[in-house]
Amino acid sequence: MTTRLPSSGAPAMSGAPATTCRSDEIVLIHRLFRRLFGEAPALVREVVPGDAPRAAFLSKHLHGLTKLLHVHHHAEDDFFWDRMTERAPACGLHVALMRKQHQSVSDQLDEIDTRIDDWTASGADAAAAEHLATALDEVDRSLAEHLADEEREAFPVLDAVLSEAEWDEISAHAQREKPPLPLFLLLGLMMDAVPESERAAWMARELPAPMRTAYRLFGHRSYERAMRRLHPVPQKSVEGGRR
C-alpha cells in the first residue's frame, strides 16, 4: 500500500493508518448516481403527455432514486466528516464544503420529490413534466460538481485517516439498509460500473456466495428486464411500419 498526501497539502498524520484506497468503493457508488441522475431528465421528457401509467412507473423509480441519494449522503455525514475534522483539522474547509453541498443537494431532492408528485397528480401533464425534468437537470449539475469535489478533496484524506475496521463498519451499515430501488437493479448497475475484466473479482470480493449464485441464476435476467422497462425501445407507428 502507498501513502498519499491529502489533496489539501496537509502533511501525513503521525500514526495514521496506511492509505487503503477503500474510498474506491464509494467511487463505484458515485458512478451509479452519475448514470441514474444523468439519464433521469430525458426519461421524464420522453413520456408522452397523458401517459399516466408510464409516469406512475417512473415516479416510483425517481422517488427511490432520491431516497437512495439521501441515504448515501446521511451515511457519509454520520461516518466521515466528524472523523475527518478531528484527525485532519487542516482539511476543515473541505469538510465545510462537503456539508454545504450535501445540504444543497438535499434541498434539491426535496423539490424533486414534490415535482414528481405534481407530475403524477397531473396525469403526466407536459408542463409538470418539464418542471420536473428541469429540477432533475439542476441536481445532475450539482452532483457533477459535488462528487468530483468529494473524490478529489475528501477521499484521499479519508483513505489516510480511516482504519480498515472503520471502513468495514461503513460497509456493514450500508448492507443493513433496505435499498429503495430493486436489489437486482442496483446490483446490475453496480456491476456495469466495474470494468468488465474486474467484475468476477469484484463479485467474489463484495458479494456473499448465495448472492453471487442468485444473481447468476435469475438476478441478471431480473436486471435486464428492469432495464428494458426503464428504457423501452420506442415502438414504430403503424404508418411508419408500412413504409
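For the structure, check the block above.
This structure is a prediction, so every number in the text was calculated from the model and none was measured.

## So, the overall build of the chain
Then, number 1: Per the secondary structure count, the chain includes ten helices and zero strands.
Then, number 2: Among the 243 residues that make up the chain, the fraction classed as buried is 43%.
Then, number 3: Within the chain, counting contacts between residues at least 6 apart in sequence, those at least 24 apart form 81% of the total.
Then, number 4: With the model as given, the accessible surface of the chain reaches about 13,100 Å², and the carbon-plus-sulfur share is 56%.

## Remarks on helix α1 (residues 24–45)
Then, number 1: If you check α1, its first and last C-alpha atoms are 33 Å apart, about what 22 residues at 1.5 Å a residue would give, namely 32 Å.
Then, number 2: At Glu-39, α1 is deflected by roughly 30°, the largest bend along its length, and proline Pro-41 occurs up to four residues later in sequence.

## Here we look at the nonpolar core
Then, number 1: Core analysis: the largest hydrophobic core is formed by 49 residues, its most contacted members being Leu-32, Phe-37, Val-44, Ile-112, Trp-119, Leu-132 and Trp-202.
Then, number 2: Of all elements in the fold, only α1, α2 (52–79), α4 (92–121), α5 (126–161), α7 (183–193), α8 (199–206) and α9 (209–230) reach the threshold of two or more residues within this core.
Then, number 3: The element contributing the most residues to this core is α5, with nine residues.
Then, number 4: Ignoring sequence-local partners within four residues, the contact set of Val-44 consists of Leu-58, Leu-62, Trp-119, Ala-129, Leu-132, Ala-133 and Leu-136.
Then, number 5: In terms of nonpolar packing, the next biggest core, distinct from the first, is built from 19 residues, Phe-80, Val-95, Leu-158 and Ile-170 among them.

## Notes on the packing of aromatic side chains
Then, number 1: One pass over the full model with this rule turns up five aromatic pairs.
Then, number 2: Each ring, one from Phe-33 and one from Phe-37, has its centre 6.3 Å from the other, and the planes form 40°; the classification is tilted. With Phe-33 and Phe-37 both in helix α1 and four residues apart, this pair spans about one turn of that helix.
Then, number 3: Ring centres of Phe-80 and Trp-167 lie 5.7 Å apart, and the angle between their planes is 65°; this geometry places the pair in the edge-to-face category. Of the two residues, Phe-80 is situated in the loop between α2 and α3 (81–87) and Trp-167 in helix α6 (residues 164–176); the sequence distance between them amounts to 87 residues. There is no split in this pair, since Phe-80 and Trp-167 are both buried.
Then, number 4: Ring pairs connect the aromatic residues Phe-80, Trp-81 and Trp-167, which therefore count as one cluster.

## Considering the side chain of Arg-54
Then, number 1: Position of Arg-54 among the secondary structure elements: in helix α2.
Then, number 2: For the buried Arg-54, no salt bridge exists, and the shortest N-O distance to an oppositely charged side chain is 5.8 Å, to Glu-46.
Then, number 3: From its side chain, Arg-54 meets the backbone oxygen of Arg-229 in a polar contact 2.7 Å long.
Then, number 4: In contact with Arg-54, other than residues within four places in its own chain, are Leu-43, Val-47, Arg-229, Leu-230 and Pro-232.

## A short note on the pattern of salt bridges
Two side chains carrying opposite charge are able to pair once their charged atoms lie near each other.
Then, number 1: Considering all chains together, one arrives at 15 salt bridges under this definition.
Then, number 2: When the shortest N-O distance is used, the salt bridge between Arg-45 and Glu-130 registers 2.9 Å. In this pair, Arg-45 sits in helix α1 while Glu-130 sits in helix α5, placing the two residues 85 residues apart along the sequence.
Then, number 3: The exposure class assigned to Arg-45 is partly exposed, which follows from its relative accessible area of 39%.
Then, number 4: For Asp-82, the salt bridge is made with Arg-99, and the minimal N-O distance between the two is 2.8 Å. Taken together, the residues Asp-82 in helix α3 and Arg-99 in helix α4 connect sequence positions 17 residues apart.
Then, number 5: Owing to a relative accessible area of 51%, Asp-82 belongs among the exposed residues under this scheme.
Then, number 6: Taking relative accessible area as the criterion, Arg-99 reaches 35% and is therefore assigned partly exposed.
Then, number 7: Several salt bridges converge on common partners, so that one network encompasses Arg-22, Glu-25, Glu-164 and Asp-168.

## Describing the packing of α7 against α9
Then, number 1: Here α7 crosses α9 at 95°, and the two axes come no closer than 8 Å. One finds that α7 runs roughly perpendicular with respect to α9. Here α7 contributes Leu-183, Phe-184, Leu-185, Leu-187, Gly-188, Leu-189, Met-191 and Asp-192 to the contact with α9, which in turn contributes Met-211, Ala-214, Tyr-215, Phe-218, Gly-219, Ser-222, Tyr-223, Ala-226 and Met-227.
Then, number 2: Classifying every residue of the contact of α7 with α9 gives 13 nonpolar, three polar and one charged.

## What about the side chain of His-70?
Then, number 1: In this fold, His-70 is placed in helix α2.
Then, number 2: We classify His-70 as buried; its relative accessible area is 15%.
Then, number 3: Every residue in contact with His-70, bar those within four places of it in the chain, is listed here: Ser-106, Leu-109 and Asp-110.

Conventions and cut-offs
Residues numbered from 1 in each chain as written. Predicted model: local features only at pLDDT ≥ 70, side-chain atom pairs only at ≥ 80, totals over all residues. Heavy atoms only, no water. Helix = DSSP H or I, 4+ residues; strand = E, 2+ residues; numbered from the N terminus. Buried < 20%, exposed > 50% of the residue type's maximum accessible area, 1.4 Å probe, protein only. Contact = heavy atoms within 4.5 Å. Areas by Shrake-Rupley, 256 points an atom, 1.4 Å probe, with all protein chains shown as cover. Expected span 1.5 Å × (residues − 1). Bend = angle between axes of the 7 residues up to and from the residue. Core = buried A, V, L, I, M, F, W, Y, C linked by side-chain atoms within 4.5 Å. Phe/Tyr/Trp six-rings, centres within 6.5 Å; stacked < 30°, edge-to-face > 60°. Lys, Arg positive; Asp, Glu negative; His and termini not counted. Salt bridge = Lys/Arg side-chain N within 4 Å of Asp/Glu carboxyl O. Polar contact = N/O pair within 3.5 Å; in protein donor to acceptor, adjacent residues only side chain to side chain. Axes fitted to C-alpha atoms, helices over the stretch in contact; angles between N-to-C directions. Parallel < 35°, antiparallel > 145°, perpendicular 65-115°, else oblique. Nonpolar A, V, L, I, M, F, W, Y, C, P; charged D, E, K, R; others polar.

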